[in-house]
Amino acid sequence: MKSYALAHHVDGFSYRQEVARKLLHLSSLWIPVAIYYLDQTQITVLLGFTLMVMLTFEVLRMQQHLVARLLHRLFNPIIRAAEKAPGIQLTGATYMIAAALLICLLFPKPIAITSLSIMLISDSAAALIGKIFGRTRIMDKSLEGSAAFLLTALVTVIAISFLAGFHHRFMVAGLFASITATAVELFSSAFQLDDNLTIPLTAALTMLLIIDSF
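Here's a quick rundown of the structure. (Residues numbered from 1 in each chain as written. Predicted model: local features only at pLDDT ≥ 70, side-chain atom pairs only at ≥ 80, totals over all residues. Heavy atoms only, no water.)

### So, the packing of helix H3 (residues 30–37) against helix H7 (residues 109–133)
Here is step 1 of the chain: At a minimum axis distance of 9 Å, the contact between H3 and H7 shows a crossing angle of 170°. The orientation of H3 with respect to H7, classified from their angle, is roughly antiparallel. Contacts between H3 and H7 involve Ile 31, Pro 32, Ile 35 and Tyr 36 from the former and Lys 109, Ala 112, Ile 113, Leu 116, Ser 117 and Leu 120 from the latter. (Axes fitted to C-alpha atoms, helices over the stretch in contact; angles between N-to-C directions. Helix = DSSP H or I, 4+ residues; strand = E, 2+ residues; numbered from the N terminus. Parallel < 35°, antiparallel > 145°, perpendicular 65-115°, else oblique. Contact = heavy atoms within 4.5 Å.)

### Description of the packing of aromatic side chains
Here is step 1 of the chain: Enumeration over the complete set of coordinates arrives at two aromatic pairs.
Here is step 2 of the chain: Aromatic side chains Phe 166 and Phe 170 sit 6.0 Å apart centroid to centroid with 55° between the ring planes, which places their arrangement in the tilted category.
Here is step 3 of the chain: The buried category is assigned to Phe 170, whose relative accessible area is 14%. (Phe/Tyr/Trp six-rings, centres within 6.5 Å; stacked < 30°, edge-to-face > 60°. Buried < 20%, exposed > 50% of the residue type's maximum accessible area, 1.4 Å probe, protein only.)

### Quick word on the pattern of salt bridges
Here is step 1 of the chain: Applying the stated criterion across every chain yields a total of three salt bridges.
Here is step 2 of the chain: A salt bridge links Asp 123 to Lys 22; its shortest N-O distance comes to 3.1 Å. Separated by 101 residues along the polypeptide, Asp 123 in helix H7 and Lys 22 in helix H2 (residues 15–26) bring together distant segments of the chain.
Here is step 3 of the chain: Look at Asp 123 and you get buried, because its relative accessible area is 6%.
Here is step 4 of the chain: One salt bridge in this structure joins Glu 185 and Lys 141, with 3.3 Å as the shortest N-O distance. Note that Glu 185 is positioned in helix H9 (residues 168–186) and Lys 141 in strand S2 (residues 141–142), a separation of 44 residues in sequence.
Here is step 5 of the chain: A relative accessible area of 4% means that Glu 185 is categorised as buried.
Here is step 6 of the chain: On the basis of relative accessibility, which here comes to 18%, the residue Lys 141 falls in the buried class.
Here is step 7 of the chain: Via salt bridges that share partners, Lys 141, Glu 185 and Asp 195 belong to a single interconnected network. (Salt bridge = Lys/Arg side-chain N within 4 Å of Asp/Glu carboxyl O.)

### So, a nonpolar patch on the surface
Here is step 1 of the chain: Where nonpolar side chains cluster on the molecular surface, the patch consists of Met 139, Phe 187, Phe 191 and Leu 193 and spans about 390 Å² of accessible area.
Here is step 2 of the chain: Within the element layout of this structure, Phe 191 appears in helix H10 (residues 188–191). (Patch = residues over 30% accessible without salt bridge, like charges linked within 9 Å, V, L, I, M, F, W, Y side chains within 5 Å. Areas by Shrake-Rupley, 256 points an atom, 1.4 Å probe, with all protein chains shown as cover.)

### A word on H3
Here is step 1 of the chain: Listed as buried for H3 are Ile 31, Pro 32, Ala 34 and Ile 35. On an axial view of H3, the arc spanned by its buried residues comes to 160°, and they lie on one face.
Here is step 2 of the chain: Turning to H3, the residues buried within the fold contact helix H4 (40–61), helix H6 (92–106) and H7. (Arc of directions from axis to C-beta.)

### Comments concerning the environment of Leu 29
Here is step 1 of the chain: Tracing the chain through its elements places Leu 29 in the loop between H2 and H3.
Here is step 2 of the chain: Separated by 91 residues in sequence, Leu 29 and Leu 120 have C-alpha atoms that sit 6.8 Å apart.
Here is step 3 of the chain: The residues contacting Leu 29, other than those within four sequence positions of it, are Leu 120 and Ile 121.

Structural data, given as structure tokens:
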């Protein structure tokens, strides 16, 4: 239980809170599914609208009126301390929607689906596994959590490639993207950027570079 106590001290979250936050995180898997079935215009409009809703939520929760107090009561248990700090602090969910919209605009559909799926699945696995089994600390992360990230990222890439029928080039590129995304997640605190943004963008860019090199 020593590793669990250390993990709890690092971010102030109980394991139950972490599970609730990551279940909400995983619920966003509707995004890569929507990207697969919708065309460019449709998914851009959908994500653009979703981002507007999230930004409205961010503005409302920073106020002092009745609606703000209601939002605080509903979502405060799964909002990290850094996201509640004074000033303009966006939640990870808003960064994730922004990243999804940006990736859909800049990258081909297979890359968008794969990079976002890695972020949603593997980031959740790293947090949940690392919080219980993380003994080898690396800054505010753990080696065990990073191993869970890499393993689930590799499985995700292989599963998507087969299920969606993507060309083998995307699988190879996705395997490289899994490695770079793992490194970004591990050292995310050093970048002072939200990993909901850095992970999918890094994975997408890695895939694009690898595919173009074939």
